[in-house]
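Summary of the model geometry
This is what each chain is made of:
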Amino acid sequence: MIRTIAFATALAVAAVSVPAIAAGPFDAAIAGPWRSAANKARDAHRHPAQTLEFFGIKPGQTVVEISPSGGWYTEIIAPAMKGTGTYVAALGNPLASMAAAKSVENYKAKFADKAIYGDIAIGVMGKGVADIVPAGSADAVLTFRNVHNWHMSDFDQDAFMLFFKALKPGGTLGVVEHRLPEGRPDAAMKTSGYMKVSYVKALAAKAGFKLVAESNVNANPKDSSDYPKGVWTLPPNYAEGETDKAKYAAIGESDRMTLKFMKPKA
């Protein structure tokens, strides 16, 4: 009887002495009921909490996401910024084409619920744009798997110059991109959807950025990055259709670089 009481007391003391694990600023949004089951399933590949933490993203900041597409990250960042910071979605120029204008309207309609997303600000990103947002107004600019698109349209260096202009001195540029092994021909970056880390670093350096850190949080060693239909062969696109789908599903989403740059303070 004495031993039982002593053991229980020790457990109670141990429980009190262990500090509680603080919830991260994006945990509630990641678990949000507004996110579909399909989007939540991709958390295992995209690691949103760890990625945003690595970039130093916090409520209260002005965070610009470049080309958010269907808004996978919008569903996470905007609710976390609601009422404190500002989330800016830098969309395509609606004046560029009817398709671009329709895409902007669809995005606005999808994220119109202010009770969930707050007041999402809209910036403009694309060729011929002078400013994504007012110069020097952003604490962070984030881009997820977009650099290959700009490279294929000969806009990549211009894009990085726009990011630099948008950021405050000391501001962060966060880049996640499909990673091409350094030994592959440079020409593969024009067709495969994969980019070399060295090339992305060079784009950033030429624009004036300093590399702060790089992470393997989004690395996938199973990805050989040498498919006939490029990165789109892997999930979620499955460019080969049902052909070898199980094999590609087992590989998972692409191997990705995760790079953090800073606009110098002076």
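For the structure, check the block above.
Residues numbered from 1 in each chain as written. Predicted model: local features only at pLDDT ≥ 70, side-chain atom pairs only at ≥ 80, totals over all residues. Heavy atoms only, no water.

1. Some remarks on the pattern of salt bridges
Here is the rule we go by: Each salt bridge in this description consists of a side-chain nitrogen of Lys or Arg and a carboxyl oxygen of Asp or Glu lying within 4 Å of one another. Here the term buried applies to any residue with accessible area under 20% of the maximum for its type, exposed to any over 50%, and partly exposed to those in between, with areas from a 1.4 Å probe on protein chains only. Where helices and strands are cited, they refer to DSSP runs of H or I of at least four residues and of E of at least two residues respectively, numbered from the N terminus.
Per the stated rule, a full pass over the model turns up 15 salt bridges. The shortest N-O distance in the salt bridge between D119 and K114 comes to 3.0 Å. Each of the two residues, D119 as well as K114, counts as exposed. Across the pair K165 and D131 runs a salt bridge, and its minimum N-O distance is 3.2 Å. On the criterion of sequence distance, the pair formed by K165 in helix α10 (residues 156-166) and D131 in the loop between β3 (121-125) and β4 (138-144) is long-range, its members being 34 residues apart. Overall, the relative accessible area of 33% leaves D131 in the partly exposed class. Bridged by salt links that share partners, the residues R42, R46, E253 and R256 form one connected network.

2. Details of helix α11 (residues 197-207)
Put simply, the test is: Within this analysis, the arc is defined by the directions that extend from the helix axis to the C-beta atoms. Throughout, a residue-residue contact means that at least one pair of heavy atoms, one from each residue, lies within 4.5 Å.
Residues of α11 that are buried: V197, V200, L203, A204 and A207. For α11, the angular spread of buried residues about the axis comes to 125 degrees, placing them on one side. Looking at the buried residues of α11, the elements they touch are α9 (147-152), α10, β5 (167-180), β6 (195-196), β7 (210-215) and β8 (256-262). Positioned one or two residues after α11, G208 has a phi angle of 115 degrees, which is positive.

3. Overview of helix α6 (residues 74-81)
Most of α6 sits inside the fold, with 8 of its 8 residues counted as buried. Burial in α6 covers these residues: T74, E75, I76, I77, A78, P79, A80 and M81. Once α6 ends, the next one or two residues include G83, with phi positive near 85 degrees.

4. What to know about the pairing of β8
Defined as follows: In short, DSSP must find at least two bridges between two strands for them to pair.
Most of β8 sits out of view: 6 of its 7 residues are buried. Relative to β8, β7 is paired through 5 bridges, and the arrangement is antiparallel. Residue pairing across strands places L211 opposite F261, the latter belonging to β8.

5. A closer look at the pairing of strand β2 (residues 86-92)
To be explicit about the condition: Look down the strands so they point away from you; if going from the first strand over the helix to the second traces a clockwise path, that crossover is right-handed.
The buried count for β2 comes to 5 of 7 residues, which makes it a mostly enclosed element. The sheet contact formed by strand β1 (residues 62-66) and β2 spans 5 bridges and is parallel. Across the sheet, residue T62 finds its bridge partner in β2, namely T86. The parallel pair β1 and β2, bridged by α6, forms a crossover whose chirality is right-handed. Here 5 bridges tie β2 to β3, and the two strands are oriented parallel to one another. Across the sheet, residue A90 finds its bridge partner in β3, namely G123.

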